Amino acid sequence: MPSAIELATLGHRIRHHRLEMGLTLDELGAKVGVAGSQLSLIENGKREPKLSLLQAIAQATDTAVTDLISGEPPNRRAALEIELEKAQTSPVFRQLGIPAVRVSKSMSDETIEAVLGLHQELHRREREAIATPEEARRANTEQRLRMREKNNYLPDIEKLAEKQLKLAGHVSGALSHRSVSLMAEQLGFELIYVSDLPESTRSITDIENGRIYLPPSSIPGGHGLRSMALQAMAHRLLGHKPPTDYADFMRQRLEINYYAACCLMPETAATAFLQQAKKDRNLAVEDFRDAFGVTHEAAGLRLTNLATTHLDIQLHFLRVDGSGAISRVYENDGLPLPEDVTGSVEGQIVCRKFSARTAFEQTNRTIEHYQYTDTPAGTFWCSTQTGSSKDGDFSITVGVPFDDAKYFRGRETQARAVSTCPDESCCRRANPDLTTRWQGKAWPSARVHTHIFSPLPRGAFPGVDDSEVYEFLDRHNG
């Protein structure tokens, strides 16, 4: 059965062709053998015509049935009326209990557009209201599980990156800023470095004038500007539209980050490097990092894209802050991770016995820390590198099940720990003497993780102050 919108579109197309022929409802009714009042119901989307009647109407208006049943509105006015009808039948509007606006012939297009604008704002506010931390955690969890099913590998984006690199003439080695500029030029964009980007943005793409604005200096790690430029290009290459909800926003962020990683560490070259290292039993994140001139975190994440598909190795990746909270995670090797009731891992505190935590205790943090950890799910070998940022200390861990440790440098380590988490006696519960000494005699004030208060997406550009962006573009375009 056709939907109300499909019937409305059909009605508008019949009315359009009737008026094109200069016929009244009664005159067309006389030609097709029905009353004008019956045709009025059809034109107003209130009744579905039989095929025989559609054929008669098509013949009387000198058109084809296929043209009458096309899903496209016949003109701009019809499109506005159909869009308004759609908006007024939405649950968001209907729950307000406000009567729908009746469109008359005398109502101007501008009036309909104004009412539609109010509906769009209503829907925007509704989306903003439901973009809660709970929704963010749910969307993030769903995305993590989807990527685990795909082994964190997106072949279409891999191929797209290789194609763009080839067009720019990049052959091997670290991707240069010059090559990134050439890739932008191929898309009709110029890279411009400015010092007055709005605080809420990492880059701004001026679509009208073909410019990508970036900050003047690289973020720590040496590959920041290249990565940001590639992410901006990815939005265009992947055909992204303003996200409709938080899950869509998360998907887009993942895809642009993935594309940038594919360009900085191309699949063909990166896979050849890793396969040789596996053959030599000398896999190491630090070597992978140095070969392509990226950060340790970027190299670790890129390894998760390629290891299962090309090396037949399952693995895990963790970024953990100084307090032990997980900020980024991927696993397809069964590593037991802490979860909340929604299944979310981000923000949870990782076991104190894990390499991601014990690495902070090392006196020499400039080298990787290797460790075997016995868990309820088996034994895992891990390599952890620590670092610092403006937000404090963090650790980057890449690990594999015991049987695959034989391919990695550092497998000979004697460091070993036993974790029984999520059993609270593992590392969550103080020993009995301390509990007896202090229980009921101390009142700690908890530090709330900043991600709980992070602004969630809103409007056309989530997390971005639109007014600042438009003022910026106005400054740079005279």
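Draft legend 1. Up close: the nonpolar core. Counting residues in hydrophobic clusters, the biggest one holds 59 residues, and the most contacted among them are Leu 230 and Tyr 259. Contacts of Tyr 259, omitting those with residues within four sequence positions, involve Ile 157, Leu 160, Ala 161, Gln 164, Met 183, Leu 230, Ala 234 and Leu 237. Counting 15 residues, the second-largest nonpolar core is a separate cluster that includes Leu 318, Val 329, Cys 351 and Phe 380.

Draft legend 2. Inspection of the sheet that holds strand E9 (residues 416-418) at higher detail. Here we have 6 strands laid out as an open sheet, ordered E5-E4-E8-E7-E6-E9, and mixed in their pairing. Looking at the sheet topology across the chains shown, the edges are occupied by strand E5 (326-331) and E9. With strand direction ignored, the average angle separating the axes of adjacent strands in the sheet is 25°. Note: strand E6 (residues 369-375) against E9, 3 bridges, orientation parallel. Considered in E9, the bridge of Tyr 372 is made with Arg 416.

Draft legend 3. Highlighting the sheet that holds strand E2 (residues 204-206). Overall, mixed pairing links the 3 strands, which are arranged E1-E3-E2 in an open sheet. Each edge of the open sheet carries a strand with a single partner, namely strand E1 (190-193) and E2. Here the average twist between neighbouring strands, direction ignored, is 25°. The sheet contact formed by E2 and strand E3 (residues 211-214) spans 3 bridges and is antiparallel.

Draft legend 4. Layout of unusual backbone geometry. That bond from Cys 421 to Pro 422 is cis: its omega, 15°, falls within 30 degrees of zero. By the element assignment, Pro 422 lies in the loop between E9 and helix H18 (432-438). Phi at Asn 152 is positive, roughly 60°, even though this residue is not glycine. Position of Asn 152 relative to the elements: it lies in the loop between helix H9 (133-149) and helix H10 (155-167). Residue Asn 152 is classed as buried on the basis of its relative accessible area, which comes to 10%. Despite not being glycine, Arg 281 shows a phi value in the positive range, around 55°. Here Arg 281 shows up in the loop between helix H14 (267-279) and helix H15 (285-292).

Draft legend 5. Main features of the pairing of strand E7 (residues 378-389). Sheet analysis places E6 next to E7, joined by 7 bridges and oriented antiparallel. Within E7, the position partnered with Thr 373 by the bridge is Phe 380. Linkage of E6 to E7, two consecutive antiparallel strands, is achieved through a turn of 2 residues. Note that E7 and strand E8 (residues 392-401) share 10 bridges and pair antiparallel. Among the inter-strand pairings, Gln 385 is bridged to a residue of E8, identified as Ile 396. Connecting the antiparallel pair E7 and E8 is a turn made up of 2 residues.

Draft legend 6. Inspection of the packing of aromatic side chains at higher detail. In this structure the tally under the stated criterion is 7 aromatic pairs. With a centroid separation of 5.7 Å and an interplanar angle of 80°, the aromatic rings of Phe 288 and Phe 292 are classed as edge-to-face. Of this pair, Phe 288 and Phe 292 both sit in helix H15, separated by 4 residues, roughly a single helical turn. When its relative accessible area of 5% is taken as the criterion, Phe 292 is described as buried. Measuring from ring centre to ring centre gives 5.1 Å for Trp 381 and Phe 408, while their planes differ by 35°; the resulting arrangement is tilted. Taken together, the residues Trp 381 in strand E7 and Phe 408 in the loop between E8 and E9 connect sequence positions 27 residues apart. With relative accessibility at 5%, the residue Phe 408 sits in the buried group. Aromatic rings pair up to connect Phe 273, Phe 288 and Phe 292 into one cluster. Over the ring of Tyr 407 we find Lys 278, and its NZ or CZ is 4.7 Å from the ring centre. Directly above the aromatic system of Tyr 258 lies the positively charged group of Arg 302, at a separation of 5.9 Å from the ring centroid.

Draft legend 7. Up close: the packing of H14 against helix H16 (residues 296-311). Contact geometry of H14 with H16 gives a least axis separation of 10 Å together with a crossing angle of 70°. Overall, the two elements H14 and H16 adopt an arrangement that is roughly perpendicular. Read as a crossing pair, H14 and H16 show a hand that is right-handed. Taken together, the residues of H16 that come into contact with H14 (itself represented by Glu 267, Ala 270, Thr 271, Leu 274, Gln 275 and Lys 278) are Arg 302, Leu 303, Leu 306, His 310 and Leu 311. When grouped by side-chain class, the residues that make up the contact of H14 with H16 number 5 nonpolar, 3 polar and 3 charged.

Draft legend 8. View of the pairing of E8. Within E8, 7 of the 10 residues are buried, which leaves it mostly tucked inside the rest of the structure. Of the strand pairs in this sheet, strand E4 (residues 316-321) and E8 are connected by 6 bridges, and their pairing is antiparallel. Counted as the bridge partner of Leu 318 is Thr 397 from E8.

Draft legend 9. Focus on H15. Restricting attention to buried positions, one finds in H15 the residues Val 285, Glu 286, Phe 288, Arg 289 and Phe 292. Looking straight down H15, one finds that the buried residues subtend no more than 160° of arc, so they occupy a single side. Among the structural elements, helix H12 (224-237), helix H13 (246-264), H14, H16, E6 and E8 are those in contact with the buried residues of H15. Of the residues trailing H15, Gly 293 is marked for its positive phi of about 65°.

Criteria and thresholds
- Residues numbered from 1 in each chain as written.
- Predicted model: local features only at pLDDT ≥ 70, side-chain atom pairs only at ≥ 80, totals over all residues.
- Heavy atoms only, no water.
- Core = buried A, V, L, I, M, F, W, Y, C linked by side-chain atoms within 4.5 Å.
- Buried < 20%, exposed > 50% of the residue type's maximum accessible area, 1.4 Å probe, protein only.
- Contact = heavy atoms within 4.5 Å.
- Pairing = 2+ DSSP bridges.
- Helix = DSSP H or I, 4+ residues; strand = E, 2+ residues; numbered from the N terminus.
- Axes fitted to C-alpha atoms, helices over the stretch in contact; angles between N-to-C directions.
- Phe/Tyr/Trp six-rings, centres within 6.5 Å; stacked < 30°, edge-to-face > 60°.
- Lys NZ or Arg CZ within 6 Å of the ring centre and 35° of its normal.
- Parallel < 35°, antiparallel > 145°, perpendicular 65-115°, else oblique.
- Left-handed = near helix turned anticlockwise from the far one by under 90°.
- Nonpolar A, V, L, I, M, F, W, Y, C, P; charged D, E, K, R; others polar.
- Arc of directions from axis to C-beta.

The values reported here are purely geometric and, on their own, carry no functional implication.
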